[in-house]
Amino acid sequence: MAVSWNRQDNIGLIWIDNPPVNATSHAVREGLAIALAEANADVAIQAIIIACKGKTFVAGADVKEFGTPPRAPFLNDLVQLIEDSAKPVIAALHGTVLGGGLEIALAAHGRIAALQTQLGLPEVKLGIIPGAGGTQRLPRLIGMPEAIDMVASGKRVSAAQALDLGMIDRISDNDLIQDAIAFAQILAGREPRRTGTLPVREFDGLAVDAQITAIERKARGQISPGAAARSAFSAASLPIEQGLKREREKFLELVNSEQAIALRYVFAAERLAAKVVDLEGISPRFVQNVGIAGAGLMGAGIAVAFADAGYDITIVERDEPSMDLGRKRIEAIYDRMVKAGRIDIALKEQRLSRIGFHIDRAAFSQCDLVLEAVFDDLDVKQELFASLSSIVRADAILATNTSYLNPDAIASVIMNPSRFIGLHFFSPANIMRLVEVVRTKDIAPDVLAAGLAVTKRLGKLGIVSGVCEGFIGNRLFTAYRHQCDIMLEDGALPHEIDAAVEAYGFPMGPYAVTDLAGLDISWARRKRDAGKRDPAARYVTIADRLCEAGRFGQKAGKGYYAYDGGKKSVDPAVADLIATISNEKGITRRSFGQDEIMTNIIAGLVAEGDKLMNEGIAMRASDIDLVLINGYGYPAWRGGPMFQSGRS
């Protein structure tokens, strides 16, 4: 049974048991309503506890019911039954208390949580808002600014944070159920404290207006964050009944919107990405001790990502000055985290204690995995891996973080190349969620499985890619830039393309991004690869000419834009240079509207996506969309170009 209940003295214990995450399926909703009614009817019971079997309290909706007609009892009605209970109801929380699970808890009259519990309302990430009272009850418990922040971001808070906010009443650091029973005994026989009747405490209205405006601006076209914020804001001016009615109306309006459908697709695609047919039943090779060769910007970020996930890290640099600089880079990342309030000094020191620094590659001898983050040059990488082959254990995994080089060429110098894998992190590696897990030619199944297991433990999204220049992500980015560059040559200007892309929902346009990264990096690669270029393919020289003029981006004070004191502005000299290049090629320039710009970009991405699929580089169309969303800022609420084109 999904729901059962029993009596312990004068306390009714309602148990939800719906593996794996106790989702609010129809069976759970129906069973909970029945159990609640029966417990209220039992005259011997003076208080009721709702708890869950397994590893978590209710962690949200049942994904199997997404897109199907809902069946009564609906979650909002069930939640109201809990709040209206004549006897006090206590929610005993553990694991992840998310979405409808938190709405159940908010409607209870008391809340106690295990120490490691995480709580949140992540509905906005699926293009909807809480629909069972989350936006109305949360402000009444924790205050308006804090509630708006939670419902609009979908972020989770810890049990300790929830206690400080007033979201829960107690933390259990021992036996949750026994502590919940003790709490229930205190509330037994008392008039229930109903969340919906609580007033919203006073707040600064102008500050909250500004907060909501900032949320809507940051959403870049996604509707749900602003809708959730405004729904929460209404709790201050509407009686609970009216607020709940409006919340439900907005929920139903959004649930079948294009954005919600796209975000549900992304949600499902992420779960599908980890499923590799030929890895079924394969156990990943064990990894705990991780070596990182190089502590530059990329290596430092990778080291932080591994330290945050509880790995033991050995860093080797080429000499003492480089090692000291790498240590300072890593410490600086943690100092920024402390300054931002994301971690405290004790946690910073704990994570730093996991990282050892060396200048002798022999320090890698006992590592389970060694990942290189050295200069992206084939000779450099081959020398490193030839050396590592004779240092590390025979079963140790060797990995490259190369962006463009052929991993199989690197693997040719390795003894037993079946243990070689590509793990392509995106910069900054401690922040960016995407990792391309590259399936090399001779890779052993348990090594590929280990690559996916490691990325999952890091809290990142691993996407399996075959071997090709640039893998999935940089192949797509090259196609994206090629379409943009063609439009530059044909009549558009950098700021016009950037404006169209940003209006579409990207955080930055391609030319602003290039100025930030530096034009010289890709210029060097183009010069190295000039001999490989198809002479029949259209080649746009604008970026090369900008580099020849010393316009390397923000660091040079000029690139596609001018930077005066760090402030970006459109530079007429760039427009003149582009016009000159068009004229040299005999191109009659014309204007491009934003719709045409985006149509061309998406068509280019879809065409390249089709090639990646046909070549077997990408396993599925949805993986292509995930790479663009998590690596390049494609707006998730649009689903991705393959989804939009009907490929997924």
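Everything quoted here is computed from the prediction, not taken from an experiment.

A. Focus on empty space enclosed by the protein. One pass over the structure, following the stated rule, counts three cavities of 30 Å³ or more. What the largest cavity holds in volume is close to 50 Å³. Residue lining of the largest cavity: L493, P494, H495, Y560, Y561, V570, D571, V574 and A575, and that is the complete set. Those elements that place two or more of their residues in the lining of the largest cavity are α19 (494–504) and α23 (572–584). Counted by class, the lining of the largest cavity contains seven nonpolar, one polar and one charged residues.

B. The arrangement of the nonpolar core in detail. Counting 66 residues, the largest nonpolar core has I82, L93, I104, L119, L138 and M167 as its most contacted members. Beyond its immediate sequence surroundings of up to four residues, I82 is in contact with L32, L36, I50, V89, I104, A107, A108 and H109. Core analysis: the next-biggest nonpolar cluster, separate from the first, contains 57 residues, C547, V574, M598 and L612 among them.

C. Geometry of the sheet that holds strand β15 (residues 420–425). What the eight strands build is an open sheet, ordered β12-β11-β10-β13-β14-β15-β16-β17; its pairing is mixed. In the strand order of this sheet, the two ends are held by β12 (355–358) and β17 (461–465), each with one partner. With strand direction ignored, the average angle separating the axes of adjacent strands in the sheet is 25 degrees. Where strand β10 (residues 289–293) lies against strand β13 (residues 369–372), four bridges are found, and the strand directions are parallel. From the neighbouring strand, I292 faces β13, where its bridge partner is L371.

D. Here's a closer look at the side chain of K348. Mapped onto the secondary structure, K348 falls in helix α14 (residues 345–352). Side-chain polar atoms of K348 contact the side chain of D335, separated by 2.6 Å. Excluding its chain neighbours within four sequence positions, the residues that come into contact with K348 are Y334, D335, V338 and I343.

E. Structural detail: the sheet that holds strand β4 (residues 89–93). Read from one edge to the other, the open sheet built from six strands follows the order β1-β2-β3-β4-β6-β9, with strand pairing classed as mixed. Each edge of the open sheet is held by one strand with a lone partner, namely β1 (3–8) and β9 (170–172). The average angle at which neighbouring strand axes cross in this sheet is 25 degrees, direction not considered. In terms of strand pairing, strand β3 (residues 47–52) meets β4 through three bridges, oriented parallel.

F. Main features of the packing of helix α4 (residues 134–142) against helix α9 (residues 224–233). Contact pair α4 / α9: the axes reach a minimum separation of 8 Å and the direction vectors enclose 55 degrees. Considered as vectors, α4 and α9 are oriented oblique to each other. Of the two possible hands of crossing, α4 and α9 adopt the one that is right-handed. Listed contacts from α9 to T135, Q136 and P139 of α4 are A228, S231 and A232.

G. Region of interest: the packing of helix α18 (residues 471–490) against helix α24 (residues 594–614). The interhelical angle for the contact between α18 and α24, taken along N-to-C directions, is 145 degrees, at an axis separation of 9 Å. The crossing of α18 and α24 is right-handed. Contacts from F471, I472, R475, L476, A479, Y480, Q483, C484 and M487 in α18 reach I597, N600, I601, G604, L605, E608, G609, K611 and L612 in α24. Of the residues in the contact of α18 with α24, the class split is eleven nonpolar, four polar and three charged.

H. The arrangement of the pattern of salt bridges in detail. Counted by the stated rule, this structure contains 35 salt bridges. With its nearest N and O atoms 3.2 Å apart, the salt bridge here joins E253 to K250. Of this pair, E253 and K250 both sit in helix α10 (residues 240–255), three residues apart, which is roughly one turn of the helix. Given a relative accessible area of 51%, E253 falls into the exposed group. A salt bridge links R393 to D395; the shortest N-O distance between them is 2.9 Å. A single salt-bridge network, built from bridges that share partners, covers R475, E608, K611 and E615.

Reading the values: rules and limits
Residues numbered from 1 in each chain as written. Predicted model: local features only at pLDDT ≥ 70, side-chain atom pairs only at ≥ 80, totals over all residues. Heavy atoms only, no water. 1 Å grid on protein atoms, 1.4 Å probe; cavity = no way out; pocket = protein on both sides within 12 Å on 5 of 7 lines; lining within 4 Å. Points joined across faces, edges and corners; volume = space filled by probe spheres on them. Helix = DSSP H or I, 4+ residues; strand = E, 2+ residues; numbered from the N terminus. Nonpolar A, V, L, I, M, F, W, Y, C, P; charged D, E, K, R; others polar. Core = buried A, V, L, I, M, F, W, Y, C linked by side-chain atoms within 4.5 Å. Buried < 20%, exposed > 50% of the residue type's maximum accessible area, 1.4 Å probe, protein only. Contact = heavy atoms within 4.5 Å. Pairing = 2+ DSSP bridges. Axes fitted to C-alpha atoms, helices over the stretch in contact; angles between N-to-C directions. Polar contact = N/O pair within 3.5 Å; in protein donor to acceptor, adjacent residues only side chain to side chain. Parallel < 35°, antiparallel > 145°, perpendicular 65-115°, else oblique. Left-handed = near helix turned anticlockwise from the far one by under 90°. Salt bridge = Lys/Arg side-chain N within 4 Å of Asp/Glu carboxyl O.

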